[in-house]
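# Structure assessment
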Amino acid sequence: MSAKVGCWMILSGIGLFIAITLKLIVQPFIAEDHHIHAYFPSTEWVLGIPVILGFMFLLTFTVYIYVKTLRENIHFFSYGE
């Protein structure tokens, strides 16, 4: 199960990387009236969504580490009494 999930995560990451690369590097050189522009969201969304998701990941990771450290310290101090 975890191997399938890991494979899916890698493939989706590669797909997103290719899509963002095409959007940001290749698409500006394509004519504005070409039909390929309909398949991509605006640049604000392409850059904004990964930034928001990255911030949420870092915030969740930081809170997890803080809570885990706090629980270990409280548990450590309760044995001293």
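Below you will find a few notes about this structure. Since the model is a prediction, treat every value here as computed from it, not as a measurement.

### Focus: the overall build of the protein
- A count of helical and extended segments in the protein gives two helices and zero strands.
- Relative to the compact-globule value of 12 Å for 81 residues, the protein shows a C-alpha radius of gyration of 21 Å, a clear excess of over 25%.
- Counting over 81 residues, the protein shows a buried share of 5%.
- Taking the average place of the 4 positive charges on the side chains of the protein and the average place of its 5 negative ones, the gap between the two points comes to 15 Å.

### Some details on the layout of surface pockets
- What the largest pocket holds in volume is close to 220 Å³.
- The wall of the largest pocket is formed by Leu 16, Ala 19, Ile 20, Lys 23, Tyr 39, Phe 40, Pro 41, Trp 45, Val 46, Ile 49, Pro 50 and Leu 53.
- Broken down by secondary-structure element, the contributors of at least two residues to the lining of the largest pocket are helix 1 (2-26) and helix 2 (43-78).
- When the residues that make up the lining of the largest pocket are grouped by side-chain class, the tally is eleven nonpolar, no polar and one charged.

### Regarding a nonpolar patch on the surface
- A cluster of nonpolar residues, Trp 45, Ile 49, Ile 52, Leu 53, Phe 55, Met 56, Leu 59, Val 63, Tyr 66, Val 67, Leu 70 and Ile 74, forms a patch on the protein surface that exposes about 1200 Å² of accessible area.
- Structurally, the position occupied by Leu 70 is in helix 2.
- Residue Leu 70 is classed as partly exposed on the basis of its relative accessible area of 38%.

### A word on the packing of aromatic side chains
- Counting across every chain of the model gives one aromatic pair.
- For the pair Phe 57 and Phe 61, a centre-to-centre distance of 6.2 Å together with 15° between the ring planes defines the contact as stacked. Of the two residues, Phe 57 and Phe 61 are both situated in helix 2; the distance of four residues between them amounts to about one turn of the helix.
- Residue class for Phe 57 comes out exposed when judged on its relative accessible area of 55%.
- Residue Phe 61 is classed as partly exposed on the basis of its relative accessible area of 45%.

Reading the values: rules and limits
- Residues numbered from 1 in each chain as written.
- Predicted model: local features only at pLDDT ≥ 70, side-chain atom pairs only at ≥ 80, totals over all residues.
- Heavy atoms only, no water.
- Helix = DSSP H or I, 4+ residues; strand = E, 2+ residues; numbered from the N terminus.
- Rg over C-alpha atoms; globule rule 2.2 N^0.38 Å.
- Buried < 20%, exposed > 50% of the residue type's maximum accessible area, 1.4 Å probe, protein only.
- Lys, Arg positive; Asp, Glu negative; His and termini not counted.
- Charge placed at Lys NZ, Arg CZ, Asp CG, Glu CD.
- 1 Å grid on protein atoms, 1.4 Å probe; cavity = no way out; pocket = protein on both sides within 12 Å on 5 of 7 lines; lining within 4 Å.
- Points joined across faces, edges and corners; volume = space filled by probe spheres on them.
- Nonpolar A, V, L, I, M, F, W, Y, C, P; charged D, E, K, R; others polar.
- Patch = residues over 30% accessible without salt bridge, like charges linked within 9 Å, V, L, I, M, F, W, Y side chains within 5 Å.
- Areas by Shrake-Rupley, 256 points an atom, 1.4 Å probe, with all protein chains shown as cover.
- Salt bridge = Lys/Arg side-chain N within 4 Å of Asp/Glu carboxyl O.
- Phe/Tyr/Trp six-rings, centres within 6.5 Å; stacked < 30°, edge-to-face > 60°.

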